[in-house]
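Architecture at a glance
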Amino acid sequence: MTREQFRALCAKRFVILDGATGSNLQKAGMPVGVCPEQWVLEHPQALIDLQRAFIDAGADIVYAPTFTANRIKLAEYGLEDKLSEMNTALVKLSKQAADGKALVAGDITMTGRQLFPLGDLQFEELVEVYKEQVRVIAEAGADLIIVETMMSLQETRAAVLAVREVCDLPIMATLTFETDGRTLFGTPPECVPTVLQGLGADAVGINCGAGPDKMKDIVQTLIEYSDIPVIVKANAGLPELENGQTVYKMTPDEFAQYSSELAAMGASIIGGCCGTTPDHIRALKSALDKTERKIVKRAGQRVICSERKAVKIMPGERFLVIGERINPTGKKALQAELKEGKLDIVRKFAREQAKAGASILDVNCGMGNIDEKQTMINVINELSSVTDLPLCIDSSYPEVIEAALRIYPGRALINSINYEAAKFEPMLKTAKKYGAMFIFLPIDDVGIPKTLELKHSIVDEAIDRALACGFKETDIVVDALVGTVGADKNAARNCFATFEHCRQKGLATVCGLSNISFGLPERSFVNTAFLAMSIASGLTMAIANPSQDLLMNTAAAADMLMNREGSDIRYIERISYYTEKLANEPTAAPQASAPKAAAPSEQKDKNEDDPIFAAVMNGEKDSIVPLTKERVEGGTAPSQIINDLLIPAINKVGKLFEQKRYFLPQLIASANAMEQSIAYLEPMLVSSGQDDDAPVIVIATVEGDVHDIGKNLVALMLKNYGYKVIDLGKNVESTEIVDTAIKENAAVIALSALMTTTMMNMKTVIELAREKGCTSKIIVGGAAVTEGFAEEIGADGYSSDAADCVRLVERLLEK
């Protein structure tokens, strides 16, 4: 099937997907703990019968059971050398089941290994892992590719890129969202279509995690931001324990009713995930036959995003500032650090600019005597964990821009593409491949245009060519090319004319403010007046230093005077920030007319300004050991550093995580930083005998489950709190878990399970522990685990995340 045929099918009618594979194959006899793909090949009729039942029920597309048949997952069963043979056979098995009555989607998913910088898996290695599997699936005759049950947007990017670089089959991509409306890695739904449709996905959406009754808000956001069809593949409700079995109680009629409501909102590809049977799909088909399709206007959004935050760029609405400080030009300290491969100042600038009100961060690594491309890659990786703000990739070298776009886990803004003949079209191709927005700089081979008319002519011609290449006006921001008013008295007026010219063509605009005042005294006044007049003339955003309070306050006031939505509240918030900042500056002069600063939203920790505390909060793993060493050498006891700084800091991180102000990448970065400090201090604690009585905790992912992201984070957090943690890994037999706990006299056994099909093995461990007289407290957690489930199986406690687990262990041990 071609991509055009797939789009035409989705435009014509609702497309129905199949239901659950795993839970239905378990009913057919597949045991927990085996390699599912191998079991299917050994019991082919079970799959054929299931998929034919789905097709008879009305499914237009069935998923080939290649879900975890990638090199990394197969290696866990010693089957990595069978990858080609197994994927080929599995696709052909589904083609046999479909028999021309339905399409077959080759299925790929997460590998279980975390990407750098959170883990050790490099982005290009992951792309190659997916390419290897996709190449076989495509050659075996799959009609399209589904990338599903993804929790990481960056891993989804790798999968989509891999497919696009191997074949031209249609791509569907779905992510799994938590109850807070974000993925495990903190991605909100608006970032999913913003990133993936530009990379070449043909449909995006949500699968697993909840029933269709809990998905309305997420689906509405996906539809709002998507220019391509939206997919919904929900569970039959949440899993429950009944007579020792995991069951899904949402009836086919209930499932169909809720799913058809999502279809009526504008979702056009609908199916079922965990717990859904052919009866659910049959009821869905019947409900969709009676549902009127909503024709969603795909107007296109002018949006860029990081992995965790989307920013709309809307002419005539909120004025935005692109923070300019991450640029070594004129910054000797930053130049020295980049030469040494250090990024402390980069992290500092990112945090400061975000706090000061920047909406986007410009990133430029251009300087002599460094590898600019590698430095840019390092900075992008670092900033992906440090800040939620989207990035603007700034370089004179196309190869540097492409390297940055490839590994950036969001949709970036390119700064910039000019009209030089040798660069224009190649750079457009790069922007198109990675789905980036770009700033157009109206400079051609002759140089800076000498007249306003020539500048506008270059803009018009370049935009026409970009549109012919498949871009939309919403993908382009025009740089007004600010001149110096000291040399050209019409420099400002010419910019105002360009802003208006672009506004009439539906184009956003940007400029670098400071050039207007070059060579003049007291430049800040000229820059600020120019900014206010530019906003009134239609300027969308500016590249500037957000730490300049006069400029930022003026921008907020100008928005308010233009009566832009929400601008009055933003102005008040801005001035509250400004006055609080003044109050905290020891040399600040009294401000007679300034309003009183807003009260802090929460009590500040007494040691929050301490560099070690801050290093944990900010995930500064490179600087925390030197800071810790300096403090020890200054006479501070190791136990005091842990009790007064490290533990309070990680507690604060945990609170921010609970409040959804920190997300998984920040939590992991902070835990890793703390681990570095603990590792340095630990030998001193051992030599003084301070950790001899540390409680022992045995932790494992239960038998049959090969997911360990959450478990690894829990283990790290518990170690940081001083517990002796014995991590048995994943897919661990119940006997090994209990025997280890007895041998080590463990105070607690911590069990993890991500899959609904393996949750019951937690009960097996609990029963075995009681049978063997093990006195350890047993706690459980994982994506599908609930507090109710924990109570039903007799666990001593349930935790929702790593921070919650630490508190749970503390409470249990106090008892």
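The coordinates are above.
This part takes up the pattern of salt bridges. In the structure shown here, the tally under the stated rule is 47 salt bridges. Residue Glu165 is joined to Arg406 by a salt bridge in which the shortest nitrogen-to-oxygen separation is 2.7 Å. In this pair, Glu165 sits in helix H8 (residues 153–166) while Arg406 sits in helix H16 (residues 398–407), placing the two residues 241 residues apart along the sequence. Arg406 gets classed as buried once you look at its relative accessible area, which sits at 12%.

So, on to the sheet that holds strand E17 (residues 437–441). Around the barrel, which closes on itself, the eight strands sit in the order E13-E14-E15-E16-E17-E18-E19-E20 with parallel pairing between neighbours. Sheet twist, expressed as the average angle between the axes of neighbouring strands with direction ignored, equals 30°. The strands touched by helix H14 (residues 344–356) are strand E13 (320–326) and strand E14 (360–364); relative to E13, the strand with the most contacts, the crossing angle is about 160°.

Since the α-helix packs 3.6 residues into each turn, any two residues three or four apart lie on the same face. In a regular helix each residue adds 1.5 Å, so 13 residues correspond to 18 Å; H14 covers 18 Å between its end C-alpha atoms and thus fits that length. Residues of H14 that are buried include every one of Ile345, Val346, Arg347, Phe349, Ala350, Gln353 and Ala356, and no others. Of the surrounding secondary structure, the elements contacted by the buried residues of H14 are E13, helix H13 (332–340), E14, helix H15 (372–386), helix H21 (549–561) and helix H22 (567–583). Gly357 lies just past H14 and shows a positive phi near 115°.

Overall, parallel pairing links the five strands, which are arranged E22-E21-E23-E24-E25 in an open sheet. Edge positions in the open sheet fall to strand E22 (724–727) and strand E25 (797–798), since each of these has one partner strand only. With five bridges joining them, strand E21 (residues 696–701) and strand E23 (residues 748–752) adopt parallel strand pairing. Bridging across to E23, Ala700 finds its partner in Leu751. In the packing of helix H31 (residues 802–814) onto the sheet, the strands contacted are E21, E23, strand E24 (777–781) and E25, and the crossing angle to E24 comes to about 160°.

Next up on the list: the nonpolar core. Inside soluble globular proteins, nonpolar side chains tend to come together where they are buried. Among the nonpolar cores identified, the biggest contains 192 residues, and Leu196, Phe438 and Leu646 are the most heavily contacted of them. Once residues lying within four places of it in the same chain are set aside, the contact partners of Leu646 are Ile612, Val616, Ile624, Ile641, Met674, Ser677, Ile678 and Leu681. One finds Leu241, Ile737, Ile749 and Ile766 within the second-largest nonpolar core, a separate group that totals 30 residues.

Structurally, Pro188 is set in the loop between strand E5 (171–175) and helix H9 (191–199). Taking the C-alpha atoms as reference, Pro188 lies 16 Å from Gln666; in sequence the two are 478 residues apart. Pro188 has contacts with Phe177, Gly181, Arg182, Glu307, Arg308 and Lys309, leaving out every residue within four places of it along the chain.

Take the packing of H16 against helix H17 (residues 424–434) next. Between H16 and H17, whose axes approach to 10 Å, the crossing angle comes to 5°. Put simply, H16 runs roughly parallel to H17. In this structure, H16 uses Pro398, Ile401, Glu402, Leu405 and Arg406 to contact H17, whose residues at the interface are Met427, Thr430, Lys433 and Tyr434.

Attention now moves to H13. All of the buried residues in H13 are Leu334, Glu337 and Leu338. Considered in projection along H13, the buried side chains sweep an arc of 100° and stay on one side of the axis. Of the exposed residues in H13, the ones pointing more than 90 degrees away from its buried face are Lys332 and Glu340.

Criteria and cut-off values
- Residues numbered from 1 in each chain as written.
- Predicted model: local features only at pLDDT ≥ 70, side-chain atom pairs only at ≥ 80, totals over all residues.
- Heavy atoms only, no water.
- Salt bridge = Lys/Arg side-chain N within 4 Å of Asp/Glu carboxyl O.
- Helix = DSSP H or I, 4+ residues; strand = E, 2+ residues; numbered from the N terminus.
- Buried < 20%, exposed > 50% of the residue type's maximum accessible area, 1.4 Å probe, protein only.
- Pairing = 2+ DSSP bridges.
- Axes fitted to C-alpha atoms, helices over the stretch in contact; angles between N-to-C directions.
- Contact = heavy atoms within 4.5 Å.
- Expected span 1.5 Å × (residues − 1).
- Core = buried A, V, L, I, M, F, W, Y, C linked by side-chain atoms within 4.5 Å.
- Parallel < 35°, antiparallel > 145°, perpendicular 65-115°, else oblique.
- Arc of directions from axis to C-beta.

Such coordinate-based values are descriptive only and should not be taken to indicate function.
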